[in-house]
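Per-entry structural report
Letter by letter, the chains look like this.
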Amino acid sequence: MQGTRGNDIIKWVTVILDWVLSCCLLSVFDELLPQYSTSGELNGTKIEMMILLMSIVIATFIFPTVIHRRKMKVGLIVRRNFLLVLTTMVLFVFTCRTMTSSGNYIVFGVVFGLALWTSIMSLRFLERSVINYFRSIGRNSRTIVFLGNDPANLIVYNELMADPATGYRVLGYYSDSVIENAPDSLPKIGSRDDFRKWMENYHENGPVIEELYCSLSHSEADEMRHIMEFCDKNVVRFFYVPRIFSNIQLSLRPEKFGDTVIFTNHHEPLQHLGNRVVKRLFDIVFSATVLLMLFPLFPIMALIIKMQSKGPVFFKQMRTGLNGDSFMCYKFRSMHVNADADRVQATKHDPRKFPFGEFMRKTNLDELPQFFNVLKGDMSVVGPRPHMIFHTEKYSALIDKYMVRHFSKPGITGYAQVTGFRGETEELWQMEGRIRKDIWYIENWSMWLDIKIIFMTALSIVRPDKAAY
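Presented here is an overview of the structure given in this document. Since this is a predicted model, take the numbers as computed values, not measurements.

It is worth spelling out the nonpolar core at this point. Counting residues in each nonpolar core, the largest one holds 30 residues, and the members touching the most others are Ile305, Phe332, Leu368, Phe371, Tyr441 and Ile453. Elements supplying a minimum of two residues to this core: α9 (273–294), α10 (297–308), β11 (326–332), α11 (355–363), α12 (370–376), β12 (380–382), α14 (428–443) and α15 (447–462). Discounting residues that sit within four places of it in the chain, Ile305 has contacts with Pro312, Val313, Phe332, Arg333, Phe354, Phe356 and Met360.

What follows is the structure, encoded as structure tokens:
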């Protein structure tokens, strides 16, 4: 409960600091940059400040702060603050405009909004540093106990302790046998009988815990029900950790099937029609824009290709797409015509490449014709890269979850390609890493993630990846 109260304090302190910062920044604008001020139209700074405060209060309730969360990615903080400031400025500009008959509030909204977002982001990183410091010295922490010796508990432990600043304090685990390869920081506290005695004397002997992670067999349902009842009565959060069978961890997520909750081993945001519509509209608009802007380059590129290598301008190849179906994928030809094109990947010093072809491969320009594949609906701008039919047949027999990547449309660029798994796969572990990244993308898709991947891909054009050959 102390950890919960601490988080509540963090949230409210963060909110109040945002409000104070907004008002202070508005005062600075009125004093130093009067050309961007709206106070003259509103007959005073006080009215202007009240409108701004009202706007940010409403925006805060729509997009509450998440700075207190223990596992927090920078991308979420950036996105959340962008939406907070955008909502604030829309409400502020709209209210000011309805109260006056003139004033360039759009310019003010853009300039002040950028300044406010930059200031709040700086404040967020400062706040996060302070929170991380206090958690690293044991304040605002959560006390945890594990139950069971399944390796799945060790995976959860490593994830929780990857960043000490998250504030988790693990006492150890109860089990009749040890967890293999468990570090000294995850000690065995006692046996299962010791755990039962500990529950019976919880308030007398302690220690008081806030979270319990349990990884037991389903055959022990009665005991798990008893443990969950104990957690409910003592305000302890209960988490069931799916066990690992034959070195495979079950990653199960709940789904509603009528009034019944069922579990699936794959969660795909693009199963929802609304998400598919948004992604498809983005694909069409983005691809059409790129083709209109870069289409004048196509004749020049075609001429250079023909000058350096005999054969067609475009390279066509059957690739594996959505649901394992095949489609014809288009690229600018970057290699001399050869008999191994459908079986052998490009290597670093591949003699099949000609000079301009190597340049196109390094800068991704050879992929431009695939925007026509996107317009046709065979591909998406972002998604798992489509593999040759030969590789699909080869790796689907070697990697258990290989075909899972085909639950999504293939993409011109993908999460695996911008996170270190681009290019030749000389060893099996490289393809396994690529598949893990592809599956992660499918299960964590969002438009923000697609936009991030596109920006990272654009950066690789300016600063080519060493694995791009």
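Once that is clear, we can look at empty space enclosed by the protein. Evaluation of the coordinates by the stated rule reveals two cavities of 30 Å³ or more. In this structure, the second largest cavity spans a volume of roughly 30 Å³. Lining of the second largest cavity is provided by Thr320, Gly321, Leu322, Pro384, Arg385, Pro386, Arg405, His406, Ser408, Lys409 and Pro410. The residue makeup of the lining of the second largest cavity, split by class, is four nonpolar, four polar and three charged.

One turn of an α-helix holds 3.6 residues; hence residues three or four places apart share an orientation. Helix length check: α9 (22 residues) gives 31 Å between terminal C-alpha atoms against 32 Å at 1.5 Å per residue, within 8%. The secondary structure elements touched by the buried residues of α9 are α10, α12, β12, α14 and α15.

A separate point is helix α5 (residues 151–161). Among the residues of α5, those classed as buried are Ala152, Asn153, Leu154, Val156, Tyr157 and Leu160. Structurally, the start of α5 carries an N-cap: the backbone nitrogen of Ala152 is 3.0 Å from a side-chain oxygen of Asp150.

So, on to the state of the cysteines. For the structure shown, the criterion picks out zero disulfides. Its sulfur unpaired, Cys24 is 7.0 Å from the next cysteine sulfur, which belongs to Cys23.

This part is about the side chain of Thr87. In this fold, Thr87 is placed in helix α3 (residues 74–99). Classification of Thr87 as buried rests on a relative accessible area of 18%. Here Thr87 is in contact with Ala59, Ile62 and Phe63, once residues within four sequence places are set aside.

Running from amino to carboxyl end, helix α6 (residues 192–200) crosses helix α8 (residues 221–233) at an angle of 35°, the nearest separation of the two axes being 11 Å. Here α6 and α8 pass one another in a crossing that is left-handed. Each of Arg192, Phe195, Arg196, Trp198 and Met199 in α6 lies in contact with α8, whose residues at this interface are Glu223, His226, Ile227 and Phe230. Tallied by class, the residues present in the contact of α6 with α8 amount to five nonpolar, one polar and three charged.

In this fold, Met447 is placed in helix α15. Between the alpha carbons of Met447 and Asn275 there is a distance of 8.6 Å; along the sequence they are 172 residues apart. Every residue in contact with Met447, bar those within four places of it in the chain, is listed here: Val278, Lys279 and Phe282.

Spatially, the five strands line up as an open sheet ordered β3-β2-β1-β4-β5, and their pairing is parallel. The sheet is open, and its two edges are formed by β3 (188–190) and β5 (237–240), each paired on a single side. Adjacent strand axes in the sheet meet at a mean angle of 30°, parallel and antiparallel pairs treated alike. With four bridges connecting them, strand β4 (residues 211–214) and β5 associate as parallel partners.

It is worth spelling out unusual backbone geometry at this point. Positive phi is not limited to glycine here, since Asn323 has a value of about 60°. Mapped onto the elements, Asn323 comes out in the loop between β10 (314–320) and β11. What makes Asn323 exposed here is its relative accessible area of 56%. A positive phi angle is found at Asn364, which is not glycine, with a value near 70°. Following the sequence through the fold, Asn364 ends up in the loop between α11 and α12.

What follows deals with the packing of aromatic side chains. All told, the structure shown has 16 aromatic pairs when counted by the stated rule. Seen from their ring centres, Phe146 and Tyr157 are 6.4 Å apart, and the 75° between their planes marks the pair as edge-to-face. Taken together, the positions of Phe146 in strand β1 (residues 142–147) and Tyr157 in helix α5 put the pair 11 residues apart, joining distant regions of the chain. Residue class for Tyr157 comes out buried when judged on its relative accessible area of 5%. Summarising the aromatic geometry, the rings of Phe298 and Phe332 are spaced 5.2 Å apart at their centres and angled 80° between planes, so their arrangement reads as edge-to-face. One end of the pair, Phe298, is in helix α10; the other, Phe332, is in strand β11, and 34 residues separate them in sequence. Neither Phe298 nor Phe332 differs from the other in exposure class; each is buried.

So, how was this worked out
- Here the residue index of a chain counts from 1 through its sequence in written order.
- The predicted origin of the model limits local features to residues at a pLDDT of at least 70 and limits the giving and counting of side-chain atom pairs to 80 or more, whereas totals for whole chains, interfaces and linings rest on all residues.
- Hydrogen atoms and water are omitted, and side-chain values are computed over all heavy atoms in the structure.
- The definition of a nonpolar core used throughout is a set of buried Ala, Val, Leu, Ile, Met, Phe, Trp, Tyr and Cys residues joined through side-chain atoms within 4.5 Å.
- A simple rule labels every residue: compare its accessible area, found with a 1.4 Å probe on the protein chains alone, to the largest value its type can have, and call it buried under 20%, exposed over 50%, or partly exposed in between.
- Secondary structure elements are taken from DSSP: a helix is a run of H or I of four residues or more, a strand is a run of E of two residues or more, and numbering for both begins at the N terminus.
- Residues count as neighbours in contact if any of their non-hydrogen atoms are within 4.5 Å of one another.
- Cavity means a closed set of points on a 1 Å grid over the protein atoms alone, one where a 1.4 Å probe fits but cannot get out, pocket means an open set with protein on both sides within 12 Å along at least 5 of 7 lines, and lining means a residue has an atom within 4 Å of a point.
- Grid points are joined across faces, edges and corners, and a volume is the space filled by probe spheres set on the points.
- The nonpolar class holds Ala, Val, Leu, Ile, Met, Phe, Trp, Tyr, Cys and Pro. Asp, Glu, Lys and Arg form the charged class, and all remaining residues, Gly among them, are polar.
- To estimate how far a helix should reach, multiply one less than its number of residues by 1.5 Å.
- A 3.5 Å cut-off defines polar contacts: any pair of N or O atoms within that distance qualifies, except that in protein one atom must be a possible hydrogen donor and the other a possible acceptor, and neighbouring residues in sequence count only when both atoms are side-chain atoms.
- The disulfide criterion is simple: two cysteine sulfur atoms within 2.5 Å.
- To obtain each axis, a line is fitted to C-alpha atoms, and for helices this fit is confined to the stretch in contact; angles are then taken between N-to-C directions over 0 to 180 degrees.
- Each crossing gets its hand from how the near helix is turned against the far one by less than a right angle, where anticlockwise is left-handed and clockwise is right-handed.
- Strand pairing is assigned whenever DSSP detects at least two bridges linking the two strands.
- Note on aromatic contacts: the rings of Phe and Tyr and the six-membered ring of Trp form a pair at centre separations within 6.5 Å, being stacked when their planes are under 30 degrees apart, edge-to-face when over 60 apart, and tilted otherwise.

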